[in-house]
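Below, each chain spelled out in residue letters.
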Amino acid sequence: MKVLQIRSEFRDNGPGSQALTLARELRSRDHEVIFAASGGELVDEIRNSGFDFSRIETLAVDRRGLGDVLSTLKQLRKLIKKHKPDVIHGHNAASIVLAAIAARTAGIRAKYVQSVRGVELRRGYQWRNLIYRINPARLLAVSEFTKRELVSLGAKADNIHVTFNGVDLQRFDPDVVKGDQVRNEFNLGEGPVIGHVGNFSGWKGQELLVRSAAELRQRFPNLRFVLVGKGPALNAAQKLARELGVEDTVVFPGFRRDIPEFQACFDIYCQPSTQGEMFPNAIIEAMAMRNCWIGSNLSGLGELSAAGDAGDLVAPGDQDGLTRAICSLLERPDAIESRGIAARQFVEDNLTIAKVVDRVEAVYRLQ
């Protein structure tokens, strides 16, 4: 099959990186995969991986005027007529709807699917979810929670297929990838490391981890927190670390691509988001590296906990609960190890990219 993967932009986040991981697995099964988007941090990696990438500037999220939409349709018609994809796989709703219109008006028969990794939960913006009532695509939900949300928004349950997110176990292999280089680069020592990977968006909860560091540093003087990422809330988190006197305890490496090596140096992974999560790739990657984890009890995170054997859940924004959960694990190194083993096993059983693509391929083949 020839598959066109399309998104407004392919950024270095869950939707962007998952699309590339998906494409690599599809290619290994002799499918041809091409990409289209307005741009994004992953464009160079997409091209360097040998995939054809078409840049359509007007697909950008801030280009929704009538003139932009008409320009997008014209460019998509040309692209689709040239490549004649069997499947158009969208990674956000606007892109798949526009691609479907372009294909149909170009006379190209294709199947339409959309991976749904989030819905609009913000007050005042939920009207955007109306698109799922008219979406022409089969919907690939990344969690059972996502499917329930889509049904509540008016999508037909029999048009929703739960495929989950997946991880490349060759890239995230704890028996091969080691964290020594990261520990040495940031002078982390031999003590335990609490890790987080994600955009400093203001709702990922990094400031909660900074406050936990301040509460735990005297009890665990060798403890380090490593918060990987960039974003608008980074400066505020760094300022908070200075104000609380934990500049030496909390490390901010900034934007990095060597995520397996960072996950390899973590002992506990934390995702204390206050909103917005659905089924985070970062947790799956942590689990693949045999890291136990602590996260917020929201959206689909509970589906990753392996019934509590791999992950702990705390209420979103619960500073005391987060600190207690971290402290409880630090006091039980055996639990850190056993939960990490359970985490890796859960991923091997359910969330490898091969298993995810098995589910995605099955949807591609539906009439």
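As the structure is a computational prediction, the values presented were derived from the model and not from experiment.

Cut-offs applied
- Residues numbered from 1 in each chain as written.
- Predicted model: local features only at pLDDT ≥ 70, side-chain atom pairs only at ≥ 80, totals over all residues.
- Heavy atoms only, no water.
- Salt bridge = Lys/Arg side-chain N within 4 Å of Asp/Glu carboxyl O.
- Buried < 20%, exposed > 50% of the residue type's maximum accessible area, 1.4 Å probe, protein only.
- Helix = DSSP H or I, 4+ residues; strand = E, 2+ residues; numbered from the N terminus.
- Pairing = 2+ DSSP bridges.
- Contact = heavy atoms within 4.5 Å.

A. Seen up close, the pattern of salt bridges. Enumeration over the complete set of coordinates arrives at 18 salt bridges. A salt bridge links Arg 365 to Glu 361; the nearest nitrogen and oxygen atoms lie 3.7 Å apart. It is possible to trace a salt-bridge network through shared partners that takes in Glu 25, Arg 29, Asp 358, Glu 361 and Arg 365.

B. Representation of the pairing of strand β2 (residues 32-37) within the structure. Across the 6 residues that make up β2, a large majority, 5, are buried. Two strands pair when backbone bridges link them, and strand β1 (residues 2-6) and β2 are joined in this way by 5 bridges, in the parallel orientation. Across the sheet, Val 3 pairs through a bridge with Val 33, a residue of β2. Taken together, the 4 bridges between β2 and strand β3 (residues 52-55) define a ladder with parallel strand orientation.

C. View of the environment of Leu 139. You can see Leu 139 is positioned in strand β6 (residues 138-141). In this structure Leu 139 comes out as buried when scored by relative accessible area, which is 1%. Remark: the alpha-carbon pair of Leu 139 and Leu 244, spanning 105 residues in sequence, is separated by 45 Å. Residues contacting Leu 139, with those up to four places away along its chain left out, are Gln 114, Val 116, Tyr 132, Leu 150, Ala 155, Asn 159, Ile 160 and His 161.

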